[in-house]
Amino acid sequence: MKSILIIEDERAIAELERDYLESHGFIVHIEGRGDTGLQMALEGKYDLIILDVMLPKVDGYEICRQIRSKYNTPVLMVTSKKEEIDKIRGLGLGADDYITKPFSPSELVARVKAHLARYDRLTADKPILGQLVQIRGLLIDKQARRVTIHDEEAMLTSKEYELLLLLASHPNRVFEKEELFERIWGLESNGDAATVTVHIRRLREKIEHDPSKPQYIETIWGVGYRFKV
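Analysis parameters
- Residues numbered from 1 in each chain as written.
- Predicted model: local features only at pLDDT ≥ 70, side-chain atom pairs only at ≥ 80, totals over all residues.
- Heavy atoms only, no water.
- Helix = DSSP H or I, 4+ residues; strand = E, 2+ residues; numbered from the N terminus.
- Rg over C-alpha atoms; globule rule 2.2 N^0.38 Å.
- Buried < 20%, exposed > 50% of the residue type's maximum accessible area, 1.4 Å probe, protein only.
- Contact = heavy atoms within 4.5 Å.
- Areas by Shrake-Rupley, 256 points an atom, 1.4 Å probe, with all protein chains shown as cover.
- Axes fitted to C-alpha atoms, helices over the stretch in contact; angles between N-to-C directions.
- Parallel < 35°, antiparallel > 145°, perpendicular 65-115°, else oblique.
- Left-handed = near helix turned anticlockwise from the far one by under 90°.
- Nonpolar A, V, L, I, M, F, W, Y, C, P; charged D, E, K, R; others polar.
- Pairing = 2+ DSSP bridges.
- Phe/Tyr/Trp six-rings, centres within 6.5 Å; stacked < 30°, edge-to-face > 60°.
- Lys NZ or Arg CZ within 6 Å of the ring centre and 35° of its normal.
- Salt bridge = Lys/Arg side-chain N within 4 Å of Asp/Glu carboxyl O.
- Core = buried A, V, L, I, M, F, W, Y, C linked by side-chain atoms within 4.5 Å.

Enquirer: I'd like to hear about the overall build of the protein, residue by residue, with values.
Expert: The secondary structure content of the protein amounts to eight helices and twelve strands. In summary, the protein has a C-alpha radius of gyration of 18 Å against a globular reference of 17 Å for 229 residues, a match within 12%. Referenced to the eigenvectors of the C-alpha coordinate spread, the extents of the protein come out at roughly 50 × 40 × 30 Å. Counting the 229 residues in the protein, one finds 48% classified as buried. Of all intrachain contacts in the protein linking residues separated by at least 6 positions in sequence, the fraction that spans at least 24 positions is 58%. With an accessible surface of roughly 11300 Å², the protein has 49% of that area assigned to carbon and sulfur atoms.

Enquirer: Explain unusual backbone geometry to me, using residue names and the numbers behind them.
Expert: Going from lysine 101 to proline 102, the amide bond is cis rather than trans, its omega being -5 degrees. By secondary structure assignment, the location of proline 102 is in the loop between β5 (97-100) and α5 (105-123). Notably, arginine 136 is not glycine yet its phi reads approximately 50 degrees, a positive angle. Of note, arginine 136 is situated in the loop between β6 (132-135) and β7 (138-141).

Enquirer: Residue-level account of the packing of helix α6 (residues 158-168) against helix α7 (residues 177-185), with values.
Expert: One can describe the packing of α6 onto α7 by two numbers: an axis separation of 10 Å at closest approach and a directional angle of 120 degrees. Relative to α7, the element α6 lies oblique. Classified by chirality, the crossing of α7 by α6 is right-handed. Between α6 and α7, the contacting residues are Lys159, Glu162, Leu163, Leu166 and Leu167 on the first element and Leu180, Arg183, Ile184 and Trp185 on the second. Looking at the contact of α6 with α7 residue by residue, the classes come out as six nonpolar, no polar and three charged.

Enquirer: Please give an account of the sheet that holds strand β8 (residues 146-149) that cites residues and values.
Expert: Spatially, four strands are ordered β6-β7-β8-β9 in an open sheet, and the strand pairing comes out antiparallel. The open sheet is flanked by β6 and β9 (152-154), the only strands paired with a single partner. Neighbour-to-neighbour, the strand axes of this sheet turn through a mean angle of 25 degrees, independent of strand direction. The sheet contact formed by β7 and β8 spans four bridges and is antiparallel. The residue of β8 that forms the bridge with leucine 139 is threonine 148. In the packing of α6 onto the sheet, the strands contacted are β6, β7 and β8, and the crossing angle to β7 comes to about 110 degrees.

Enquirer: Describe the packing of aromatic side chains, with residues and values.
Expert: Per the stated rule, a full pass over the model turns up two aromatic pairs. With 5.2 Å between their ring centres and 10 degrees between their planes, phenylalanine 181 and tryptophan 185 make a pair best called stacked. On the criterion of helical spacing, the pair formed by phenylalanine 181 and tryptophan 185 is a turn pair, its members being four residues apart in helix α7. Their ring planes at 35 degrees and their centres at 5.6 Å tell us that tyrosine 216 and phenylalanine 227 sit as a pair that is tilted. Of this pair, tyrosine 216 sits in the loop between α8 (193-207) and β11 (217-220) while phenylalanine 227 sits in strand β12 (residues 224-227), placing them eleven residues apart in sequence. When its relative accessible area of 0% is taken as the criterion, phenylalanine 227 is described as buried. Against the face of tyrosine 161 rests arginine 145, its NZ or CZ located 4.5 Å from the ring centre.

Enquirer: Give a description of the pattern of salt bridges that names residues and reports values.
Expert: Tallying each qualifying case throughout the model produces 20 salt bridges. When the shortest N-O distance is used, the salt bridge between glutamate 153 and arginine 146 registers 3.3 Å. Assessed through its relative accessible area of 43%, glutamate 153 is described here as partly exposed. Residue classification places arginine 146 among the partly exposed positions, given a relative accessible area of 40%. Among the charged side chains, a network of salt bridges with common partners joins Glu8, Glu10, Asp52 and Lys101.

Enquirer: Tell me what's going on with the nonpolar core, and back it up with residues and numbers.
Expert: In a soluble, globular protein the nonpolar side chains are often hidden away together inside. Counting residues in each nonpolar core, the largest one holds 28 residues, and the members touching the most others are Ile140, Val147, Leu164, Ile217 and Phe227. Residue assignment for this core shows that the elements contributing at least two residues are β6, β7, β8, α6, α7, α8 and β12. Among the elements that line this core, the one with the most residues is α6, at seven residues. Ignoring any residue separated from it by four or fewer positions in sequence, one finds valine 147 in contact with Leu138, Leu139, Ile140, Glu152, Glu153, Ala154, Leu156, Tyr161 and Leu164. Ile7, Leu38, Cys64 and Ala95 belong to the second-largest nonpolar core, a separate cluster that totals 19 residues.

Put into structure tokens, the structure is as follows:
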């Protein structure tokens, strides 16, 4: 059974989330403080973390940053903040998804299942035919899930890796932002173009010599992105 950590200081919300998730077969733990929640998250024993932004002691942004420095565990940020800059900040720190309160508990369960299923597919220990993608100085080893740029390893999150692999596996094809969101996140794309934009920016920072003049991931203005060869 999959184990989920909820870091949320509003007890009623945390318990509602727990009840819905437990009814779908998940093991759920709740922590109401940021500092102790961070300690629990860094133990690395949870399959997914649901993380509130506004927390006592340590906020959700800092928790997300520290989790992502050690693990690729899916992180879903939950907050009452509705400003796009808050969403971009969370995604920029490596969160896999961002849900604004109030939300449907059924939607939360659906998103949890989608992210867990996608993470399992990414980390499955299976032999993969055509396991290497090599374009100029970029090398993607699909079996090891390892990316190197001119022989130096690029440390990517699971979503960054999957996004890069999709683009690099279809060189010169233009992908619309909505299609990228649907294929990588597996969810409805309405209003979530910023998610793709943030992850592309982070990818460029990690694989491009000069992110302001990208040599790999090209922006097609008004449409989306393509991987140049």
